[in-house]
Amino acid sequence: MSDRKPNQPKGLYELYQNDPDHADEKVFGRQSYPDRRGFLKGAGLATMAAVLGGAIPFHRSMPSGIIPAAFAEGLEDVVIEGKDGLTVLNDRPVNAETPPHLLNDDITPTARHFIRNNGLPPTEVDADNWTLTIDGLVEQPMTLTLAQLKSEFEVVTEALLIECGGNGRAFFDPKAKGNQWTYGAVACSQWSGVRLSDLLKKAGVKSGAVYTAHYGADTHLSGQPDKLPISRGVPIEKALRGDILVAFEQNGEPLHPMNGAPLRLVVPGWPGSCSQKWLTRIEIRDQVHDGPKMTGTAYRVPNRPVAPGEKVAKEDFVIIERMPVKSLITAPQTNSKVSGKQVTIRGHAWSGDRKVASVEVSKDFGATWEKATLNPPVNEGAWQTFTAKVDFPEAGYYEVWAKATDDQGISQPFAIAWNPKGYLNNSYHRIALMVG
């Protein structure tokens, strides 16, 4: 029986034979990504091609020091109850991402929606007796059951994208602290619920309202009942826009326990941390909310470009609001071997509160770009699907890169400026293909 590891690219077997204890760290290990980034740095073309298992036809276009995308993926998929193929980053709290090739559906199945927890989910959930309180700076504070939400307000169903602000953190150098998300902390499921704006309209928002504050039933990792794991909010203007849902169904079924059952917020286009899970209360405040993960450096970036590794004072950080333009190639799977000279590339693109205007793909390390066919979103707040037929001139190792541009003319960069918390990485997505 072969000792070859699952999904191991052809040509890497010798690394495991020669150094089995450290090969994963050099090539794939998520915890030692900066070392992995340095793997093959300065290696000659012949050495790189030998490890890849084939020639690199467009090697003259490769940026100096680039490490092939074939070495940028993790190995181990762990199955969670009710989930399919997610990669677990840590188990206390549970955080798990979805490999890009499992995000190929236009509507993300519940089983493949990523998990981002800050605390411990409630152990007992009684949907029939669950309540949501709206209070603070409102004329008429309310406490509503799920049955009242469904009967007293218009129920809407929309495909809405949620992305963790730290998606792509694994690729920062120097390494940023936090969950080492690669590409899969993003999803676009179909959510059913009521508009937050409708709830606030009925409650009557008072003048002087500045921000919402969101509270959930999850508990702090310390076990202290008076200590919240996370409580974030959004500016009142965003809350009243009408695009935020208080959701009780995902893809036509009750929410998955790890995705916030029985009630959660879905705030499309903004960091997923705004989309409070196990939702119990929304308070309207006369100041920017100062709950856990709202202050300091949490979900904030420097107000200016900073050098890699630079220390930044807390007062120089600003709150992340809309997420940047981004794209993801979902087919073929990276490290695939494909036959024939033409391959259909498929993926998704999105841009915070904006629409994506175009997606381009490159097969020659960015020397030239080809325009992809881009579909409109099924509704505002959803991602957009793109396809492209790419012709390859000869057999060998190729990378396909994707670059999206939004309706304000802002495009993805090849690499983004470093920031201390590793947020908002919207650099090109790259996949490795061996064409034979």
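Residues numbered from 1 in each chain as written. Predicted model: local features only at pLDDT ≥ 70, side-chain atom pairs only at ≥ 80, totals over all residues. Heavy atoms only, no water.

S.K.: Provide a residue-level description of the overall build of the chain, including the pertinent values.
M.R.: Of regular secondary structure, the chain possesses seven helices and 23 strands. Looking at the chain as a whole, 54% of its 436 residues are labelled buried. Restricting to contacts in the chain with at least 6 residues of sequence separation, those with at least 24 account for 70%. A total accessible area of about 18,500 Å² is found for the chain, and carbon and sulfur atoms account for 49% of it. (Helix = DSSP H or I, 4+ residues; strand = E, 2+ residues; numbered from the N terminus. Buried < 20%, exposed > 50% of the residue type's maximum accessible area, 1.4 Å probe, protein only. Contact = heavy atoms within 4.5 Å. Areas by Shrake-Rupley, 256 points an atom, 1.4 Å probe, with all protein chains shown as cover.)

S.K.: Can you tell me about the packing of aromatic side chains, naming the residues and giving the values?
M.R.: Counting across every chain of the model gives 11 aromatic pairs. Relative to Tyr423, the ring of Tyr299 has its centre 5.5 Å away and its plane inclined at 20°; by these criteria the two rings are stacked. With a gap of 124 residues between them, Tyr299 in the loop between strand E12 (279–285) and strand E13 (300–302) and Tyr423 in the loop between strand E22 (396–406) and strand E23 (429–435) connect regions that are remote in the sequence. The exposure class assigned to Tyr299 is buried, which follows from its relative accessible area of 4%. Residue classification places Tyr423 among the buried residues on the basis of a relative accessible area of 4%. Aromatic ring contacts, followed pair by pair, group Phe365, Trp369, Trp401, Phe414 and Tyr428 into a single cluster. Lys150 extends its terminal NZ or CZ atom over the ring of Phe248, reaching a point 4.9 Å from the ring centre. (Phe/Tyr/Trp six-rings, centres within 6.5 Å; stacked < 30°, edge-to-face > 60°. Lys NZ or Arg CZ within 6 Å of the ring centre and 35° of its normal.)

S.K.: Can you break down the environment of Gly396 residue by residue, with the values?
M.R.: Within the element layout of this structure, Gly396 appears in strand E22. Of the residues examined, Gly396 reaches a relative accessible area of 5% and is grouped as buried. Counting along the chain gives 340 residues from Gly396 to Ile56, while the straight-line C-alpha distance between them is 5.5 Å. If sequence neighbours within four positions are ignored, Gly396 has contacts with Ala55, Pro57, Leu433, Met434 and Val435.

S.K.: Please give an account of the pattern of salt bridges that cites residues and values.
M.R.: In the structure shown here, the tally under the stated rule is 19 salt bridges. Among the ionic pairs, Asp353 bridges to Lys238, the shortest N-O distance being 3.1 Å. Of the two residues, Asp353 sits in the loop between strand E17 (342–351) and strand E18 (356–362) while Lys238 sits in helix H7 (residues 236–239), which places them 115 residues apart along the sequence. The exposure class of Asp353 is partly exposed, given its relative accessible area of 33%. Arg304 serves as the salt-bridge partner of Glu310, at 3.4 Å between the closest nitrogen and oxygen. According to the relative accessible area criterion, Glu310 is partly exposed, its value standing at 28%. Residue classification places Arg304 among the partly exposed residues on the basis of a relative accessible area of 35%. Through salt bridges with shared partners, one network takes in Lys238, Arg241, Asp243 and Asp353. (Salt bridge = Lys/Arg side-chain N within 4 Å of Asp/Glu carboxyl O.)

S.K.: Outline the nonpolar core, listing residues and values.
M.R.: One finds Leu199, Val246 and Leu263 to be the most contacted residues of the largest nonpolar core, which totals 30 residues. For this core, the secondary-structure elements that each account for two or more residues are strand E4 (131–136), strand E5 (142–145), helix H5 (146–152), helix H6 (196–203), H7, strand E9 (245–250) and E12. Every residue in contact with Leu263, bar those within four places of it in the chain, is listed here: Trp130, Leu132, Leu146, Leu149, Val246, Ala247, Phe248, Leu255, Lys277, Trp278 and Leu279. The next biggest cluster of nonpolar side chains, apart from the first, holds 21 residues, and it includes Val325, Ile329, Tyr398 and Ile431. (Core = buried A, V, L, I, M, F, W, Y, C linked by side-chain atoms within 4.5 Å.)

S.K.: Go over the environment of Glu97 with me, naming the residues and quoting the values.
M.R.: Of note, Glu97 is situated in strand E2 (residues 94–97). There is a polar contact of 3.1 Å between the side chain of Glu97 and the backbone nitrogen of Gly184. (Polar contact = N/O pair within 3.5 Å; in protein donor to acceptor, adjacent residues only side chain to side chain.)

S.K.: Describe the sheet that holds strand E15 (residues 325–331), with residues and values.
M.R.: Pairing is antiparallel in the open sheet, where four strands are placed in the order E15-E17-E21-E20. Both outer strands of the open sheet, E15 and strand E20 (373–374), are each paired with one neighbouring strand and no more. When E20 meets strand E21 (residues 384–391), the two strands line up antiparallel, connected through two bridges. Following the sheet pairing, Leu374 is matched in E21 by Phe386. (Pairing = 2+ DSSP bridges.)

S.K.: Please give an account of the pairing of E4 that cites residues and values.
M.R.: Sheet topology places E4 next to E5; four bridges connect them, and they run antiparallel. Paired with Ile134 across the two strands is Met142, which belongs to E5. As consecutive antiparallel partners, E4 and E5 are separated by five residues. Both E4 and E12 contribute to a ladder of four bridges, which runs parallel. Note on E12: the bridge partner recorded for Ile134 is Ile282.

S.K.: Could you give an account of the sheet that holds E18, with specific residues and numbers?
M.R.: With mixed pairing, five strands are arranged side by side in an open sheet as E16-E23-E22-E18-E19. Either end of the sheet is taken by a strand with one partner, and the two such strands are strand E16 (336–338) and strand E19 (370–371). Two strands pair when backbone bridges link them, and E18 and E19 are joined in this way by two bridges, in the antiparallel orientation. Note on E19: the bridge partner recorded for Glu360 is Lys371.

S.K.: Break down empty space enclosed by the protein for me, with residues and values.
M.R.: Going through the model one piece at a time under the given rule, you end up with one cavity of 30 Å³ or more. Here the largest cavity defines a volume of roughly 240 Å³. Taken together, 20 residues form the lining of the largest cavity, with Arg116, Arg264, Gly272, Ser275 and Lys277 sitting closest to its centre. Grouping the amino acids of the lining of the largest cavity by side-chain chemistry returns seven nonpolar, nine polar and four charged. (1 Å grid on protein atoms, 1.4 Å probe; cavity = no way out; pocket = protein on both sides within 12 Å on 5 of 7 lines; lining within 4 Å. Points joined across faces, edges and corners; volume = space filled by probe spheres on them. Nonpolar A, V, L, I, M, F, W, Y, C, P; charged D, E, K, R; others polar.)

S.K.: Just give me the short version of the side chain of Asn425, but keep the residues and values in it.
M.R.: Summarising the element assignment, Asn425 is placed in the loop between E22 and E23. Take Asn425: its relative accessible area is 7%, and that puts it in the buried class. Among the polar contacts made by the side chain of Asn425, one reaches the side chain of Ser427 at a distance of 2.8 Å. In this view, Asn425 contacts Asn167, Gly168, Phe171, Phe172, Lys326 and Ile416; residues no more than four positions away in its chain are not counted.

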